[in-house]
Amino acid sequence: MSRLPTVIVPIYNALEALDACLASLDRTLPAGAIVLLADDASTDPRISPMARGWCYRSALDARYVRRELNMGFPANCNAAFEETGDADVVLLNSDTVTTPGWLQQIARCADRDPRIATLTPWSNNAEICSFPRFCEANPVPEQPDTLAEAAALTTDSDLPELPTAVGFCMYLRRAALRQLGGFDAATFGRGYGEENDFCLRAAAMGWRNVLCETAYVVHLGNASFGPLDMAPNGDNLARLLARWPDYNERVARFIMADPLRPHRERLQENLEKIARSGPQRDLFG
């Protein structure tokens with residue numbers, strides 16, 4: 001396995017969620033893993049000291065960057081892409097909680113095909129990548145680490161194609177960023193739609209957007225703006241559809257065909273295997 005991707009956590013307020021996210025990174029990443037906290041000029045004065053203090057205490061190679069002015073999500077991410085050198089990256093929302101092995105699994109999936117531009121893991125709340133119920137905001141599982149273990153048991157994944165990544169936890173290959181130029185901040189402004197546009201541009205250039213079915217990340221957010229529902233920013237959905245008129249049709253066809261159903265069934269079977277084998281199993285110990 002090549003070096004691990006750099007984890008980028010875009011920040012704008014949401015102190016409690018951020019605190020939980022950072023604690024999960026400390027718990028689930030190997031010492032020395034690289035993390036960039038990209039603060040888009042949060043208005044909560046508690047964010048900066050908390051984030052700086054975490055970077056100082058963490059065993060991770062973590063640093064904090066604060067924007068002078070609020071740039072909007074796409075431009076903040078683009079600046080973070082520039083600040084992370086030539087590494088592949090994972091954009092991780094601050095309202096996520098990571099599980100053991102998640103970043104290693106994403107890196108392993110990415111290593112399997114150099115044409116992969118983006119990867120999305122399973123989550124409870126990830127639209128087309130949601131488990132157990134497809135396209136629903138499922139509740140946070142009682143034992144997320146067990147779900148991560150079950151996902152990691154999958155050994156013969158065929159890296160199923162997605163019409164778009166889901167932005168709560170999105171791997172991006174550096175070579176694709178170089179070719180495609182990052183997010184279109186000029187068009188998508190404050191945010192919503194830029195990740196979908198990036199994935200469509202990637203696919204048009206022969207790149208792949210796929211599910212990493214061996215990784216699982218909790219998404220706490222109850223305002224996940226997924227492939228079909230980009231409210232409250234309807235203007236950005238209109239901009240996306242102006243550029244990609246068949247976008248809604250692509251996603252609707254994917255939802256109707258539900259090609260991830262056998263993959264969800266396999267994850268459920270893995271969970272049942274773990275339940276039968278008892279609590280002593282520790283795949284990441």
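Residues numbered from 1 in each chain as written. Predicted model: local features only at pLDDT ≥ 70, side-chain atom pairs only at ≥ 80, totals over all residues. Heavy atoms only, no water.

So, the overall build of the protein chain
Note the following rule: Only DSSP runs of H or I reaching four residues or more are called helices, and only runs of E reaching two or more are called strands; each is numbered from the N terminus. Just to be clear, the radius of gyration here is over C-alpha atoms, and the globule rule we use is 2.2 Å times residues to the power 0.38. Relative accessibility under 20% of the residue-type maximum defines a buried residue, over 50% an exposed one, and the middle range a partly exposed one, all with a 1.4 Å probe and only protein chains included. Residues count as neighbours in contact if any of their non-hydrogen atoms are within 4.5 Å of one another. For the purpose of charge, His is not counted, nor are the chain termini; Lys and Arg are scored as positive and Asp and Glu as negative. Lysine's charge is taken at NZ, arginine's at CZ, aspartate's at CG and glutamate's at CD.
When helices and strands are tallied, the protein chain shows eleven helices and nine strands. Rg of the C-alpha trace for the protein chain: 18 Å, near the compact-globule value of 19 Å for 285 residues, within the 12% margin. Within the protein chain, the fraction of its 285 residues that count as buried is 58%. Residue pairs at least 24 apart in sequence account for 82% of intrachain contacts in the protein chain once pairs closer than 6 positions are excluded. Computed over 28 positive and 37 negative side-chain charges, the inter-centroid distance for the protein chain is 3 Å.

Concerning the packing of helix α5 (residues 144-152) against helix α11 (residues 261-277)
Cut-off, in case you're wondering: Helix axes are fitted only over the stretch in contact, all axes being lines through C-alpha atoms; the angle between N-to-C directions runs from 0 to 180 degrees. Orientation is classified from the angle alone, with under 35 degrees giving roughly parallel, over 145 giving roughly antiparallel, 65 to 115 giving roughly perpendicular, and any other angle giving oblique. Two helices crossing with the near one rotated counterclockwise from the far one by less than a right angle form a left-handed crossing, whereas a clockwise rotation gives a right-handed crossing.
The N-to-C vectors of α5 and α11 enclose an angle of 115°; their axes lie 8 Å apart at closest approach. By the angle class used here, α5 and α11 are roughly perpendicular. Two packed elements cross with a definite hand, and for α5 against α11 that hand is right-handed. Contacts between α5 and α11 pair Thr146, Leu147, Glu149, Ala150 and Ala151 from the former with Leu267, Asn270, Leu271 and Ile274 from the latter.

Side note on the nonpolar core
For the record, the criterion: Buried Ala, Val, Leu, Ile, Met, Phe, Trp, Tyr and Cys residues form a nonpolar core when they are joined through side-chain atoms within 4.5 Å.
With 57 residues, the main nonpolar core has Leu25, Val35, Leu37 and Trp102 as its most contacted residues. The residues contacting Trp102, other than those within four sequence positions of it, are Val7, Leu25, Thr28, Leu29, Val90, Leu92, Cys169, Ala215, Tyr216 and Val217. Ranked by size, the runner-up nonpolar core spans 21 residues in total, among them Val65, Phe81, Val89 and Cys199.

A look at the pattern of salt bridges
Formally: Between Lys or Arg on one side and Asp or Glu on the other, a salt bridge is scored when a side-chain nitrogen of the former is within 4 Å of a carboxyl oxygen of the latter.
Within this structure, the stated rule accounts for 17 salt bridges. Across the salt bridge formed by Arg27 and Asp145, the nearest N and O atoms sit 2.8 Å from each other. Linking Arg27 in helix α1 (residues 15-28) with Asp145 in helix α5, this pair joins segments that are 118 residues apart in sequence. Between Arg133 and Glu136 there is a salt bridge, with its nearest N and O atoms 2.8 Å apart. Overlapping salt bridges, with partners in common, bring together Asp113, Arg115, Glu161 and Arg208 in one network.

With respect to the sheet that holds strand β4 (residues 89-92)
Using the following cut-off: By definition, two strands form a pair when at least two bridges between them are found by DSSP.
Strands sit in the order β3-β2-β1-β4-β7-β6-β8 across an open sheet of seven strands; the sheet is mixed. One side of each edge strand has no neighbouring strand; the edge strands of this open sheet are β3 (61-66) and β8 (208-216). Neighbour-to-neighbour, the strand axes of the sheet open up by a mean angle of 25°, direction not taken into account. By the bridge criterion, six bridges tie strand β6 (residues 116-122) to β8 in an arrangement that is parallel. Bridge pairing links Thr120 to Leu211 in β8.

Things to note about the confidence of the model for the protein chain
The line we're drawing: A residue's pLDDT is simply how confident the predictor is in it, with values from 0 to 100.
On average, residues of the protein chain carry a pLDDT of 90, and 93% of them reach 70 or more. The secondary structure element of the protein chain with the lowest average pLDDT is helix α7 (residues 185-188), at 84, and the one with the highest is strand β7 (residues 169-172), at 98. Every residue in residues 223-232 is under pLDDT 50, and counting partners more than four places away or in other chains gives 24 contacts. Across residues 280-285, confidence stays below pLDDT 50; counting only partners more than four residues off in sequence or on other chains, it has eleven contacts.

Some remarks on unusual backbone geometry
Looking along the chain, the bond that leaves Phe131 and enters Pro132 is cis, with omega of 10°. Tracing the sequence through the fold places Pro132 in the loop between β6 and α5. Phi at Cys135 takes a positive value of approximately 60°, unusual for a residue other than glycine. Here Cys135 lies in the loop between β6 and α5. One non-glycine residue, Leu159, lies in positive phi territory at about 50°. A residue is classified by how much of its surface remains accessible, and Leu159, at 4% relative accessible area, is buried.

What about the packing of α1 against helix α2 (residues 47-57)?
Worth spelling out the cut-off: Residue type decides the class: Asp, Glu, Lys and Arg count as charged, Ala, Val, Leu, Ile, Met, Phe, Trp, Tyr, Cys and Pro as nonpolar, and the leftover types, Gly among them, as polar.
Where α1 meets α2, the closest approach of the two axes is 11 Å, and the angle between their N-to-C directions is 5°. In terms of orientation, α1 lies roughly parallel with respect to α2. Where α1 approaches α2, its residues Leu15, Leu18, Asp19, Leu22, Leu25 and Asp26 are matched on the opposing element by Ile47, Met50 and Trp54. Grouping the amino acids of the contact of α1 with α2 by side-chain chemistry returns seven nonpolar, no polar and two charged.

Quick notes on the state of the cysteines
Operational definition: Cysteine sulfur pairs qualify as disulfides if the two atoms are within 2.5 Å.
A full pass over the atoms with the stated rule returns zero disulfides. In this structure Cys55 is not part of a disulfide, and its nearest cysteine sulfur, from Cys21, lies 12 Å away.

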